[in-house]
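Summary of structural features
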Amino acid sequence: MDTEKYFCGNIYCSNFGIQGADNHIILYGYANNIQRIYCQVCGQHFSSRLGTVFYDLKASEEQVERALTCLAEGVSIRATGRIVKADKDNVSAWLSRAGEHCKVLTSKFFINLHLTECQLDELWSFVYAKEGNLQNVKHVLQEYGDAWVWVAFAPDFKLIPAFVVGKRTQENADLLIERLVKVSDEHIPFFTSDALKHYRNSLLKYYGVLEILPQKQGPGRPQQPRIVPKPDLKYAIVFKKRENGRVVEVLTLPVFGTQEKIAELLEKSTTSNKVNTSFIERNNLSLRQTSRRLTRKTNAFSKRLPYLEKQLYLAIAYSHFVLTHKTLRAKLAQPIPTKGSGSPKKWIYRTPAIATGLTDHVWTMKELLTYPIVPEYLIKQHRKIFKNLH
């Protein structure tokens, strides 16, 4: 068993939270059929489940894994409970654990992503009730009513590097681009989106520079500094003209960058030679299929906003690490013969995580749920202790 992924859970130990080849962790037998690990620095031993979805759970790993797989595949809470023979409240509690786990795991792996293209869009959903059916008092609560899932999508890797759940406001558009900037490297991808003006403002905020204009001599107001896009920022929009609810014309317009510069980027693109949002719109369909809460005309909608977000973290991590995508497959240099008279294997199927270089193999659902993550509450306690010592 690989011990590099484990860590010491003793907040007083100098080896606390360290993962990798220098974690000084060895295997230490079993207790109640659960693997124990031993820290060679402080001499304490812990459950190998520490930092995983299964830590301190009485339910069997098989039952929890099957339930979370159902949720990641788009099954509702109550239906999942019936399938795995568990109470719906227990299934909701497992979803909460898994959502938090996948959120931290994603932030651990998504570092300095090199993105060449990025499409932006938003999906409509609602929490508790649709906006028009809310009582006046509930309009005050931002948690209820319309909930939009803001998504940034890298079409060449089939990857969602960032998403935000909230109202359709400029603040949430800013938060989406802020999260995208945090997980990507210094390279500015080529952006495309629909004609929503929030994206232009957000891109200018995070990929713009302050320009000081020269002051003119004579009367008149002084020219104020302004934010201009960086030379490498290229952004185009897809504008759909509708009549009687039907799309009659599709226009593409450059926002940042000239038509010639954008054409050069499209020639080098590995996904498409036209400005479009087709890939993220197809991804939106996948999100609705793998998250029952996003299904249209359903009674499985979210009653609370945090659970919608946790469901999305689980479904997206499942798509990134566990599910292979046919369009990401790579051709083998030498076909592998199969048993019997079947044709040889010509392709190796990859997940978005493999295509991006985050991992070297297709994960199982159990591997996703059991990858140890240092709990946030232990990190806070550890920092507090060492802060007081100094």
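Just above, that's the structure.
Summarised in this report is the structure supplied together with it.

**Points about the environment of L176**
Secondary-structure assignment places L176 in helix α4 (residues 170-183). L176 sits 14 residues away from A162 along the chain, and the two C-alpha atoms are 6.4 Å apart. Apart from the residues within four sequence positions on either side, L176 is in contact with L120, W150, V151, A152, A162, F163, V164 and Y199.

**Remarks on the layout of surface pockets**
Volume-wise, the largest pocket comes out at about 520 Å³. Lining the largest pocket are 22 residues, with I77, R78, R293, F301 and K303 sitting closest to its centre. Among the elements of the structure, α2 (77-84), α3 (88-109) and α8 (305-321) are those that each provide at least two residues to the lining of the largest pocket. In terms of residue class, the lining of the largest pocket is made up of 8 nonpolar, 6 polar and 8 charged.

**Re the pattern of salt bridges**
In total, this model carries 7 salt bridges according to the counting rule given. Across the pair E61 and R49 runs a salt bridge whose closest N-O atoms are separated by 3.0 Å. Of this pair, E61 sits in helix α1 (residues 61-72) while R49 sits in the loop between β3 (45-47) and α1, and the two are 12 residues apart along the sequence. Of the two residues examined, E61 and R49, each falls in the buried class. Between E178 and K182 there is a salt bridge, and its shortest N-O distance comes to 3.5 Å. Here the residue E178 and the residue K182 both occupy positions in helix α4, the gap between them amounting to 4 residues, near one helical turn. K182 sits in the exposed class, given a relative accessible area of 61%. A single salt-bridge network, built from bridges that share partners, covers R49, E61 and K366.

What counts, and at which threshold
Residues numbered from 1 in each chain as written. Predicted model: local features only at pLDDT ≥ 70, side-chain atom pairs only at ≥ 80, totals over all residues. Heavy atoms only, no water. Helix = DSSP H or I, 4+ residues; strand = E, 2+ residues; numbered from the N terminus. Contact = heavy atoms within 4.5 Å. 1 Å grid on protein atoms, 1.4 Å probe; cavity = no way out; pocket = protein on both sides within 12 Å on 5 of 7 lines; lining within 4 Å. Points joined across faces, edges and corners; volume = space filled by probe spheres on them. Nonpolar A, V, L, I, M, F, W, Y, C, P; charged D, E, K, R; others polar. Salt bridge = Lys/Arg side-chain N within 4 Å of Asp/Glu carboxyl O. Buried < 20%, exposed > 50% of the residue type's maximum accessible area, 1.4 Å probe, protein only.

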